[in-house]
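Geometric and topological summary
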Amino acid sequence: MELKSHSPEQTQLLGNYLGGLAQKNDIFLLTGDLGTGKTCLVQGIARGLGIKEYAFSPSFVLVREYHGRLPLYHIDLYRLDHVAEIADLGLEEYLYGNGVCVVEWAEKGLEMWPQNNLLIELNYVADFETRRTICLKPEGQRHSELTAELKLILSRGGTWS
């Protein structure tokens, strides 16, 4: 499923929908270049989970935990360079915990993530400063169902292409 976001606010709205649909043990893997809107999407997911705190990039601490309808485990691997470093973090408690796990810079460890996940690729649209393509690639039945539900919501909204 490929979408175009025309603004940071629209990216946050998509995240809000994802957060509203999210269930315990959902894993969202975010990939994309610096500045493509990964943290913006996480902010929307947090809002959709009913989290009142402002979600910001946890680049210096690697993991931030927020509490709403479900816990949100926001992981940012920007500062890590090797899969071994990621494996040594002991992220299992988050990946298999009681909340929703969102991983920024997930491409740094794609081979180590659980098979059931939603890979979300964010990319710049050439010649447009604020536009992005957002490609959702579900793995497993749960995330395929979530993507189908999201598609229904977006089709009713009329603001997505």
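Notes on the structure in this doc start here. (Residues numbered from 1 in each chain as written. Predicted model: local features only at pLDDT ≥ 70, side-chain atom pairs only at ≥ 80, totals over all residues. Heavy atoms only, no water.)

1. Examining the packing of helix H1 (residues 8-21) against helix H2 (residues 38-48)
Contact pair H1 / H2: the axes reach a minimum separation of 6 Å and the direction vectors enclose 40°. One element, H1, and the other, H2, form an angle in the oblique class. Crossing hand, H1 versus H2: right-handed. Contacts between H1 and H2 involve Pro-8, Thr-11, Gln-12, Leu-14, Gly-15, Asn-16, Leu-18, Gly-19 and Gly-20 on the former and, on the latter, Cys-40, Leu-41, Gln-43, Gly-44, Ile-45, Arg-47 and Gly-48. Considered class by class, the residues forming the contact of H1 with H2 number 6 nonpolar, 9 polar and 1 charged. (Axes fitted to C-alpha atoms, helices over the stretch in contact; angles between N-to-C directions. Helix = DSSP H or I, 4+ residues; strand = E, 2+ residues; numbered from the N terminus. Parallel < 35°, antiparallel > 145°, perpendicular 65-115°, else oblique. Left-handed = near helix turned anticlockwise from the far one by under 90°. Contact = heavy atoms within 4.5 Å. Nonpolar A, V, L, I, M, F, W, Y, C, P; charged D, E, K, R; others polar.)

2. Things to note about the sheet that holds strand S2 (residues 27-31)
The sheet built from 7 strands is open, its strands ordered S1-S7-S6-S2-S5-S4-S3 with mixed pairing. Edge positions in the sheet fall to strand S1 (2-5) and strand S3 (63-67), since each has one partner strand and no second. Each strand of the sheet is rotated relative to its neighbour by a mean of 20°, with strand direction disregarded. In the sheet, S2 pairs with strand S6 (residues 117-124) via 4 bridges, with the strands oriented parallel. Directly across from Thr-31, in S6, lies its bridge partner Glu-121. Across the sheet, H1 lies against S1, S2, S6 and strand S7 (132-139), angled at about 135° from S1, the strand it touches most. (Pairing = 2+ DSSP bridges.)

3. A short note on the side chain of Ser-5
Its location among the elements puts Ser-5 in strand S1. Looking at Ser-5, its side chain comes within polar contact range of the main-chain oxygen of Ser-7, at 2.9 Å. In this structure the side chain of Ser-5 is engaged in a polar contact, spanning 2.7 Å, whose partner is the side chain of Thr-11. (Polar contact = N/O pair within 3.5 Å; in protein donor to acceptor, adjacent residues only side chain to side chain.)

4. With respect to the pairing of strand S5 (residues 100-104)
Most of S5 sits inside the fold, with 5 of its 5 residues counted as buried. Of the two faces of S5, the one lined by Val-100, Val-102 and Glu-104 and the one lined by Cys-101 and Val-103 are each fully buried. Sheet topology note: the S2/S5 ladder contains 4 bridges and is parallel. Pairing of Ile-27 across the sheet is with Cys-101, part of S5. Relative to S5, strand S4 (residues 71-76) runs parallel, the two sharing 5 bridges. Directly across from Tyr-73, in S5, lies its bridge partner Cys-101. (Buried < 20%, exposed > 50% of the residue type's maximum accessible area, 1.4 Å probe, protein only.)

5. Details of the pattern of salt bridges
Scanning all chains against the criterion turns up 2 salt bridges. For the salt bridge of Asp-26 with Arg-142, the shortest nitrogen-to-oxygen distance reads 2.7 Å. Note that Asp-26 is positioned in the loop between H1 and S2 and Arg-142 in helix H5 (residues 141-157), a separation of 116 residues in sequence. Here Arg-142 falls in the buried class, since its relative accessible area comes to 19%. Here Glu-121 makes a salt bridge to Lys-137, at a shortest N to O gap of 3.2 Å. Note that Glu-121 is positioned in strand S6 and Lys-137 in strand S7, a separation of 16 residues in sequence. (Salt bridge = Lys/Arg side-chain N within 4 Å of Asp/Glu carboxyl O.)

6. Let's talk about the nonpolar core
Membership of the largest hydrophobic core comes to 27 residues, with the highest contact counts inside it found for Leu-18, Phe-28, Leu-72 and Ile-120. Broken down by secondary-structure element, the contributors of at least two residues to this core are H1, S2, H2, S5, S6, S7 and H5. No other element matches the 4 residues that H2 contributes to this core. If sequence neighbours within four positions are ignored, Leu-72 has contacts with Val-42, Ile-45, Ala-46, Leu-49, Ile-51, Arg-64, Glu-65, Tyr-66, Val-100 and Val-102. By size, the runner-up hydrophobic cluster in this structure holds 14 residues, among which are Leu-95, Cys-101, Val-103 and Ala-106. (Core = buried A, V, L, I, M, F, W, Y, C linked by side-chain atoms within 4.5 Å.)

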